[in-house]
Amino acid sequence: MTTLQHSTAASVREAWRSNAEPALWAGVQVLLLGVLECAVGLGPLGWVAGLGYALATQVLLSGAVQRAAGVLGPADRVTLARGLLVGGVTALVADGSAETALVVGMASVALALDFVDGQVARRTGTASPLGARFDMEVDAFLILVLSVHVAAAFGPWVLVMGALRYAFVAASWVWGWLRGALPPSHARKVVAAVQGIVLVVAVSGLVPHAAVLVGLALAALVWSFGRDITWLWRSASVSV
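Residues numbered from 1 in each chain as written. Predicted model: local features only at pLDDT ≥ 70, side-chain atom pairs only at ≥ 80, totals over all residues. Heavy atoms only, no water.

## Notes on the pattern of salt bridges
Applying the stated criterion to the full structure yields eight salt bridges. With its nearest N and O atoms 3.5 Å apart, the salt bridge here joins Asp 114 to Arg 82. Separated by 32 residues along the polypeptide, Asp 114 in helix H4 (residues 100-124) and Arg 82 in helix H3 (residues 74-94) bring together distant segments of the chain. One network of salt bridges, in which partners are shared, links Arg 82, Asp 114, Asp 117, Asp 135 and Asp 139. (Salt bridge = Lys/Arg side-chain N within 4 Å of Asp/Glu carboxyl O. Helix = DSSP H or I, 4+ residues; strand = E, 2+ residues; numbered from the N terminus.)

Structural data, given as structure tokens:
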């Protein structure tokens, strides 16, 4: 076999792996939905949301892996496990499930694993832009789903918590300067982590005046986005 043939065969294997593994995880997501069906029951909306989430994750992740010309690492698989739980939460919330303990439990584990995948990436030396983006998207979608759940009790204003990040991305399609690279920020990470924790606390219903906590978390999020947008605007102005 020539060098070209070896290279072609290796490329085919890598392409197969980049598509096969996300597809396998999508299959596991469907199995989890089946488990939820047996445990608490899922209506049509729950199944549609869960299957749509599984399909979207598989398609988007396969495309991202191919564009990055890489493979999924150990930290990415931890993030995928988090994604399975987020898919389960999505199905339950879409179905209007009253299984609060299950929603809180799955969301809490997904949030806790957020601290694990970063540690795994650093210790195995497999940190990558793809892994960081994937981790961020899973976090953002979980916050969106939880904000939808909490908004049913506290009002539509809670949806701002989940929608801000997607509004920022949409705005960046119009104003290119919003796509600039931001400097690392510990405060940004803390504020992002607080959103999920506060929303889970609000879902649990165990803390009095949870709406106040959600309001404070939202205020911190608006401040964080405002600070980053201001920095990007000033940076773009200096560049011009």
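Having put the structure on the table, let's press on.
## A few points about a nonpolar patch on the surface
A cluster of nonpolar side chains, contributed by Leu 206, Val 207, Val 212, Leu 213 and Leu 216, occupies part of the molecular surface with about 480 Å² of accessible area. By secondary structure assignment, the location of Leu 213 is in helix H8 (residues 210-239). (Patch = residues over 30% accessible without salt bridge, like charges linked within 9 Å, V, L, I, M, F, W, Y side chains within 5 Å. Areas by Shrake-Rupley, 256 points an atom, 1.4 Å probe, with all protein chains shown as cover.)

## A short note on the nonpolar core
Formed by 43 residues in total, the largest nonpolar core has its most connected members in Val 89, Leu 142, Leu 146, Val 158, Met 161 and Leu 199. Secondary-structure elements contributing two or more residues to this core are helix H1 (3-39), helix H2 (44-68), H3, H4, helix H5 (129-154), helix H7 (186-204) and H8. If one sorts the elements of this core by residue count, H5 sits on top with nine residues. Other than its neighbours up to four places away in sequence, Val 158 contacts Ser 147, Val 150, Ala 151, Leu 199 and Val 214. Ranked by size, the runner-up nonpolar core spans seven residues in total, among them Ala 171, Leu 178, Val 191 and Phe 225. (Core = buried A, V, L, I, M, F, W, Y, C linked by side-chain atoms within 4.5 Å. Buried < 20%, exposed > 50% of the residue type's maximum accessible area, 1.4 Å probe, protein only. Contact = heavy atoms within 4.5 Å.)

## Description of the packing of H2 against H3
Where H2 meets H3, the closest approach of the two axes is 7 Å, and the angle between their N-to-C directions is 150°. Between H2 and H3, the angle falls in the class roughly antiparallel. For the pair H2 and H3, the sense of crossing is right-handed. For the pair formed by H2 and H3, the contact residues are Leu 45, Gly 46, Ala 49, Gly 50, Tyr 53 and Leu 61 on the first element and Leu 80, Gly 83, Val 86, Gly 87, Thr 90, Ala 91 and Ala 94 on the second. Per-class residue counts for the contact of H2 with H3 are eight nonpolar, five polar and no charged. (Axes fitted to C-alpha atoms, helices over the stretch in contact; angles between N-to-C directions. Parallel < 35°, antiparallel > 145°, perpendicular 65-115°, else oblique. Left-handed = near helix turned anticlockwise from the far one by under 90°. Nonpolar A, V, L, I, M, F, W, Y, C, P; charged D, E, K, R; others polar.)

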